[in-house]
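A structural walkthrough
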Amino acid sequence: MGPRSRVRVAKCQMLVTSFFVLLLGLLLATGVVLTYFGAHFAVIRRVSPEGSPYEALHHWAFFTGVSLAGLLGLGAVLSAAAAVREAGRLMASGFLCFALVFCALVQVAFWRLRNPTQVEDAALDTYDLAYDRAVRSSPGTQRQELLAIQDTFLCCGKGSPSSLPGSAEADLCPVEEAASQDCLQSIRSFLRTHGHIVSVLASVGLASTVYAMLLSSFLWFAICSGRSLDRKGTYALSPRWAQAGPASREREDGDAAGLCGLPLASSPALRGPETGHYLIFQRMGTFFLPTGPGQDPQEDAE
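In this convention, every chain numbers its residues from 1, walking through the sequence in written order. Under the rules for a predicted model, residues below a pLDDT of 70 receive no local features and side-chain atom pairs below 80 are neither given nor counted, while totals for whole chains, interfaces and linings still include all residues. Side-chain measures were taken over the full set of non-hydrogen atoms in the model, leaving aside hydrogen atoms and water.

What follows covers the overall build of the protein. Segments assigned H or I by DSSP are reported as helices when at least four residues long, segments assigned E as strands when at least two residues long, and all are numbered from the N terminus. In terms of regular secondary structure, the protein is built from 10 helices and three strands. Element order for the protein, N to C, with α for helix and β for strand: α-α-α-α-α-α-α-α-β-α-β-β-α. Note on exposure labels: buried denotes an accessible area under 20% of the residue type's maximum, exposed denotes more than 50%, and partly exposed covers the range between, all computed with a 1.4 Å probe on protein chains only. With 302 residues in all, the protein has 36% of them scored as buried. Here a residue-residue contact requires only that any non-hydrogen atoms of the pair lie within 4.5 Å. Put simply, 72% of the contacts in the protein that link residues at least 6 apart link residues at least 24 apart.

For the rest of this paragraph, the subject is unusual backbone geometry. For Glu86, which is not a glycine, the phi torsion comes out positive at approximately 55°. Position of Glu86 relative to the elements: it lies in the loop between α3 (53-85) and α4 (88-114). The backbone of Leu154 shows a phi angle near 55°, a positive value even though the residue is not glycine. Under the relative-accessibility criterion, Leu154 is labelled exposed at 69%.

The next thing to look at is the packing of helix α2 (residues 39-47) against helix α6 (residues 141-153). The N-to-C vectors of α2 and α6 enclose an angle of 165°; their axes lie 10 Å apart at closest approach. On the basis of the axis angle, α2 is roughly antiparallel to α6. In this structure, α2 meets α6 at a crossing whose hand is left-handed. Packed against α2, whose contacting residues are Ala39, His40, Val43, Ile44, Arg46 and Val47, the element α6 presents Glu145, Ala148, Ile149, Thr152 and Phe153 at the interface. Any residue that is not Ala, Val, Leu, Ile, Met, Phe, Trp, Tyr, Cys, Pro, Asp, Glu, Lys or Arg is counted as polar, Gly included; the first ten are nonpolar and the last four charged. Residue composition of the contact of α2 with α6, by class: seven nonpolar, two polar and two charged. Axis definition: a line fitted to C-alpha atoms, limited for helices to the stretch in contact. Angles are taken between N-to-C directions and run from 0 to 180 degrees. Oblique is the label for every angle not falling under 35 degrees (roughly parallel), over 145 degrees (roughly antiparallel), or within 65 to 115 degrees (roughly perpendicular). Crossings are sorted by hand: turned counterclockwise from the far helix by less than a right angle, the near helix makes the crossing left-handed, and turned clockwise it makes it right-handed.

Looking now at the packing of helix α1 (residues 3-37) against helix α8 (residues 183-225). In the contact formed by α1 and α8, the axes pass within 9 Å of each other and the chain directions differ by 150°. Taken together, the axes of α1 and α8 lie roughly antiparallel to each other. Here the hand of the crossing between α1 and α8 comes out left-handed. Contacts between α1 and α8 involve Arg6, Val7, Ala10, Lys11, Gln13, Met14, Thr17, Phe20, Val21, Leu24, Leu27 and Thr35 on the former and, on the latter, His194, Leu201, Val204, Gly205, Ser208, Tyr211, Ala212, Leu215, Ser216, Phe218, Leu219 and Ala222.

Turning our attention to the state of the cysteines. Pairs of cysteine sulfur atoms within 2.5 Å are what we label disulfides. Here the structure, examined in full by the defined rule, presents one disulfide. Across a sulfur-sulfur distance of 2.0 Å, Cys155 and Cys183 are joined as a disulfide pair. The chirality of the disulfide connecting Cys155 with Cys183 is right-handed, given an S-S dihedral of about 90°. Of this pair, Cys155 sits in the loop between α6 and α7 (167-172) while Cys183 sits in helix α8, and the two are 28 residues apart along the sequence.

Any Phe, Tyr or Trp ring, taking Trp's six-membered ring, that has another such ring centre within 6.5 Å forms a pair; planes under 30 degrees apart are called stacked, those over 60 apart edge-to-face, and the others tilted. Going through the model one piece at a time under the given rule, you end up with nine aromatic pairs. Note on Tyr36 and Phe37: the rings are 4.9 Å apart at their centroids and 80° apart in plane angle, and the pair reads as edge-to-face. Using a relative accessible area of 15% as the deciding quantity, one classes Tyr36 as buried. Overall, the relative accessible area of 57% leaves Phe37 in the exposed class. An aromatic cluster is built from Tyr36, Phe37, Phe62 and Phe63, whose rings are joined through pairwise contacts. Cation placement over rings: the criterion is NZ of Lys or CZ of Arg within 6 Å of the ring centroid and within 35° of the ring normal. In this structure, Arg45 packs its charged tip against the face of Tyr36, placed 5.0 Å from the ring centre.

This next bit is on the confidence of the model for the protein. Put simply, the protein has an average pLDDT of 76, and 68% of its residues get 70 or more. Every residue in residues 161-165 scores below 50 in pLDDT, and together they form zero contacts with partners more than four places removed in sequence or on other chains. You can read pLDDT as the predictor saying how much it trusts each residue, on a scale of 0 to 100. When the criterion is pLDDT under 50, residues 232-237 qualifies, and its contacts beyond four places in sequence or with other chains add up to 18 contacts.

Another point: the environment of Val66. Mapped onto the secondary structure, Val66 falls in helix α3. Distance in space between the C-alpha atoms of Val66 and Leu26 is 10.0 Å, their sequence separation being 40 residues.

Moving on to the pattern of salt bridges. We count a salt bridge whenever a side-chain nitrogen from Lys or Arg sits within 4 Å of a carboxyl oxygen from Asp or Glu. Applying the stated rule across the entire model yields two salt bridges. As a salt-bridge pair, Lys11 and Glu86 come within 3.3 Å of each other at their nearest N and O atoms. Pair noted here: Lys11 is in helix α1 and Glu86 is in the loop between α3 and α4, with a separation of 75 residues, a long-range link. Each member of the pair, Lys11 together with Glu86, is buried. Here Glu120 ties to Arg192 by a salt bridge, and the two come within 3.5 Å at their closest N and O atoms. Of the two residues, Glu120 is situated in helix α5 (residues 118-136) and Arg192 in helix α8; the sequence distance between them amounts to 72 residues. For Arg192, a relative accessible area of 45% gives the class partly exposed.

This is the structure we're talking about:
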């Protein structure tokens, strides 16, 4: 496989990877929104006191997820556009987005390994606090909040060391719901399932960003070196400018250099190495044709 074929294969892989990363970002954004506004997490957030660990974790997870989803989408769009247009700056920007996502996901994975039950403990502590307040207080808002949690998680009460609950606890857990699962186990099971989904998304995100960074770095070097690119500029000799005089050549050389963005000192590079013929630049479908005094390029084309 030649260099041009390798670059084409890398560009195709970059487009496919960008599409997959964009879908991953959309999936992550959807999961974050459902987590933040979902019934299970929202009902616990409503009963958590202000400044509690659960509230801080809830807001941190939301903003982190939204930031990662935005960076994934931005990196995918920039990398796809850079692969199509062969733009080095866009490719470098996409690589930077993927690198930021990779660093953030590494931090999330490290945090999950060191504190696997931090979210569960914060949610269970919030439920314990709401349960104790509902048992000790008269029927009112606090009991309604606890009943909302129990209706959402389809549970009733919590495990008690005594075999028979007290009168206040019996009011919170009717007879027809007494045989259902206690809320501590129900909340723990729900959060563990949600944690497994987050771990899978983080693992897929890590693998995708690493592969995308490898592809973007390879294509960036290929674009900067200017080798083996499908849209690389081609050059053709124009012998009709060979009959022009030396003064006219120098003047037209400077005009062509200005059009191509080259300094006048480097304008002799626009000539052929041996024949001295002027070059017609064809870059991305654009022709730069130098014209002499009183000459119209449209008339020449006709």
